[in-house]
Amino acid sequence: LGNSSRNRAKQNINNNYRVDGQIRCQLCGSILEDSKNIEYHNLIPLVEVDKFDNKDLAPICKKHKRKLKNLSIKEYKAFADLEKFFSQKKERRLNDILKATLDNNIYGLDIDTKITDSQIKVNLDGNWMNLPVSTCPSTGYKYFYIVLPAKYINNDKELQPRPLEMKRLWELYRHLILHSQLTPSICRLVGDKVFLFDGQHKTAAQVWAGRDKIECKVYINPDIKILKETNLIAHDKLRQMPFFSSVLINKWADLFDEEWQEYMNTDGEKSEADFISFLVKKGRNKSEALNMMRSNIYDSILDDNNAKITSYISEYNKSSNTYLTLNKLRLNIFKKFIAKPPLKINFEKSDKLREYERKNLVKLLNLLVKYTFNEDRQFNKRIYLNGSFKSWSTIFRDTLSQILGLYDENERKKVFLRKIDEEDWEIIEDKIKKLFEHRVWHDDSDRTYQNLKNSKEEEVLEFLKNKGLSVNWVLSESGTKVNIVDFVD
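The sections below set out a description of the structure shown in this document. In this text, all values refer to a predicted model and were calculated from it rather than measured experimentally.

**Some words on the sheet that holds strand β7 (residues 127-132)**
Reading across from one edge, β5-β6-β7 is the order of the 3 strands in this open sheet, with antiparallel pairing throughout. Whereas interior strands pair on both sides, the edge strands pair on one side only; in this sheet they are β5 (112-115) and β7. Going from strand to strand, the sheet's axes swing by 20° on average, the running direction of each strand aside. In the sheet, strand β6 (residues 119-124) pairs with β7 via 6 bridges, with the strands oriented antiparallel. Along β7, the bridge assignment pairs Q119 with P132.

**Focus: the packing of helix α3 (residues 73-86) against helix α5 (residues 166-176)**
Put simply, α3 and α5 touch, their axes get as near as 11 Å, and they point 160° apart. Regarding the angle of α3 to α5, the classification is roughly antiparallel. The two elements α3 and α5 cross, and the hand of that crossing is right-handed. Between α3, through K74, E75, A78, F79, L82, E83 and F86, and α5, the contact on the second element is made entirely by M166, L169, W170, Y173 and R174. For the contact of α3 with α5, the residue count by class is 8 nonpolar, no polar and 4 charged.

**Looking at α5**
Along α5, the positions that sit buried rather than exposed are L169, W170, Y173 and L176. Down the axis of α5, the buried set is contained in an arc of 135°. They therefore lie on one face. On the buried face of α5, the contacting elements are α3, α4 (94-101) and α6 (200-208).

**Some remarks on the pattern of salt bridges**
Scanning all chains against the criterion turns up 22 salt bridges. Put simply, E91 and R93 hold a salt bridge, and the shortest N to O gap is 3.2 Å. Owing to a relative accessible area of 24%, R93 belongs among the partly exposed residues under this scheme. Put simply, K431 and D430 hold a salt bridge, and the shortest N to O gap is 3.7 Å. What emerges from the salt-bridge pattern is a single network uniting D156, E158 and R188.

**So, the nonpolar core**
Residues I333, F334, L364, W392, F436 and W441 are the most contacted members of the largest nonpolar core, which totals 69 residues. Among the elements that make up this core, the one with the highest residue count is helix α13 (residues 347-372) (9 residues). Apart from residues lying up to four places away in sequence, I333 is in contact with K328, I338, L361, L364, L365, L368, F389, W392 and S393. Counting 40 residues, the second largest nonpolar core, distinct from the first, contains L102, F144, A205 and V207.

**Looking at empty space enclosed by the protein**
Throughout the structure, instances matching the rule amount to 1 cavity of 30 Å³ or more. In this structure, the largest cavity encloses a volume near 30 Å³. Residue lining of the largest cavity: L248, I297, S300, I301, R354, E357 and R358, and that is the complete set. Where the lining of the largest cavity is concerned, the elements lending two or more residues are α11 (286-302) and α13. Residue composition of the lining of the largest cavity, by class: 3 nonpolar, 1 polar and 3 charged.

Rules used in this analysis
Position numbers for residues start from 1 in each chain and track the written sequence from start to end. Reporting in this predicted model follows two pLDDT cut-offs: at least 70 for local features of residues, and 80 or more for side-chain atom pairs to be given and counted; totals over whole chains, interfaces and linings ignore these cut-offs and use all residues. Calculated side-chain values reflect all of the structure's heavy atoms, with hydrogen atoms and water omitted. A pair of strands is labelled paired if DSSP reports no fewer than 2 bridges between them. Strands here mean DSSP runs of E at least two residues long; helices mean DSSP runs of H or I at least four residues long; both are numbered from the N terminus. Axis lines are fitted through C-alpha atoms, for helices just across the contact stretch, and the angle between N-to-C directions can take any value from 0 to 180 degrees. Comment on the angle field: the value is read as roughly parallel under 35 degrees, roughly antiparallel over 145, roughly perpendicular from 65 to 115, and oblique elsewhere. With the far helix as reference, a near helix turned anticlockwise by less than a right angle produces a left-handed crossing, and one turned clockwise produces a right-handed crossing. We call two residues contacting when some pair of their heavy atoms lies within 4.5 Å. Each residue is assigned to one of three groups, with Ala, Val, Leu, Ile, Met, Phe, Trp, Tyr, Cys and Pro labelled nonpolar, Asp, Glu, Lys and Arg labelled charged, and all others, Gly among them, labelled polar. Whether a residue is buried, partly exposed or exposed follows from its accessible area with a 1.4 Å probe, protein chains only, as a fraction of its type maximum: under 20%, in between, or over 50%, in that order. Directions pointing from the helix axis toward each C-beta atom define the arc. Within this document, salt bridges are pairs made up of a side-chain nitrogen of Lys or Arg and a carboxyl oxygen of Asp or Glu, the two lying within 4 Å of each other. The definition of a nonpolar core used throughout is a set of buried Ala, Val, Leu, Ile, Met, Phe, Trp, Tyr and Cys residues joined through side-chain atoms within 4.5 Å. Only protein atoms enter the 1 Å grid used here, on which a cavity is any set of points holding a 1.4 Å probe that cannot leave and a pocket is any open set flanked by protein within 12 Å on both sides along at least five of seven lines; residues with an atom within 4 Å of a point are listed as lining. Grid points are joined across faces, edges and corners, and a volume is the space filled by probe spheres set on the points.

So, in C-alpha cells, the structure goes:
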C-alpha cells in the first residue's frame, strides 16, 4: 500500500475502535492519545497473510506490539487465559476445561438413546436423530459416529487418568483454530453418559478455541478391560508416527536411509539431538553426522525453486561475474541466521520450525539479491568483500532481532526459527533497503576499499560506525516505523 492508502486504512481501523472519542489498546485498555503510539495487529491468525482487510486488524500499544511477536490478539489472550488456568497446582483434565468454558458450567449431560442392531436414535436437546450402528470385525463391539455438543461429554476417569499438559494443549489449540480435526475423539456410551477416553487434548483444545461441537466415535457399552488394553498399546508400541512435511526431514531420510527408518521405530520422543546420539551409537562419527545435518539444512535452502541467490554464487554459476562464494554465504548468512543443529525439541515441533526457517532464509536471500546486485559491479564487490560481508551481516542480524523483539540471547541464536508475519517482512525489507543505501557502499576511495577488505570484523564494524552505519542508524525512523529499544552498538 502507498502512504495515502496506509493512512486511510489506519483511520478506518481507529474509527472502528473509537469509543467516546478515544482509541484504546485492545489488550490492556490503555488510551492511545498520540497516533505515533498506535500500532496495529491482526485479531485472528491469518491463513493467507497477504489477504486481509481493515476488520482483521485492531489498534494496540507499542508495549504489546513487542510482546505479541507472531501471535494474533486472539492467541495472545487465549495463552494468557491458559496460563492462568494451569497456574493452580492441581492437575487439570478435560472436565476442568469444560467447566471453565461452557455456559453456566453445564456439562456431562445425559442423552436419550434407543438402540437396535443397525441403528441408534439419539435425542439431543429435544431433537431425535437416526444414526447407523457399525460393528468392529475384531471385537464385535458396536459403535456409531456423531457430532456431539461438548456439554454432553465427560472425561473418562477409568480409561483416561492422565492429566492435561499445557504445552501440548497450546500447540493443538494453535493448530485447530486454523485447521480441521482429521480424526474423531473416541468415547464410550455407558447408560445415558458419554465418556471420552482418547483425544482428551484434542477435544480440550477445540473447546478452548470456542468450538461447541466435537466429532466423536462412540462405542456402545464395550468391555472396559479390552478397551483399556487397546488404549495403552495405542499410546505405546502402536502410536502413530508423526507426519513430517518439511524438505529438510525428507533430505535426512534419504541421506541416512536405513538408519533413519530404524531410528523412527525406536521408542520415545524424536529430536535432532536424539537422532545424532542414535547415529553415534550406530558407529557414525559425531562431527561427520553433524556436518551432514548442517549441509542438508543449507542445501534445502539453496535447492528451493524460489531461491534466486544461486545465480549469483560463483560455484553455481561459473559464467556469473560475482564476488559471492558459497563459503562466504555459509560463514556470514547461514551460520548467523540458522539455529545451530542439533535442536533438542521433538521433531513434531522442530519439523515445522525448520520449515519456517528455510522459507525465511529463502526470502532473505531473495531480498539480498534485490538490493545488493545491480549493474554497478564495484558496488557489488564492496558489499561482498570479506570484512564488509562479515560486518553488515552482523549489523543486520542485530537489526532483525530488534524488529522481532528478540532480546534474549538464546532467542537471537534462532532468529528465523519462527513464523514471521508479512507486516514484519515489510519492515525487514525496508531496513535491508536502508542498510545498502548507505553512502559508504558507494564510496569508491581506496581507503574505504581497504577498510572494507579488512578481515577483522570488529575493526570493520568500528569503521562503519564512524561512517554513520550502525544498528541504531538502520533502525532509526525512516519510512516504515519499527518498535525498538535502544541498541548498544
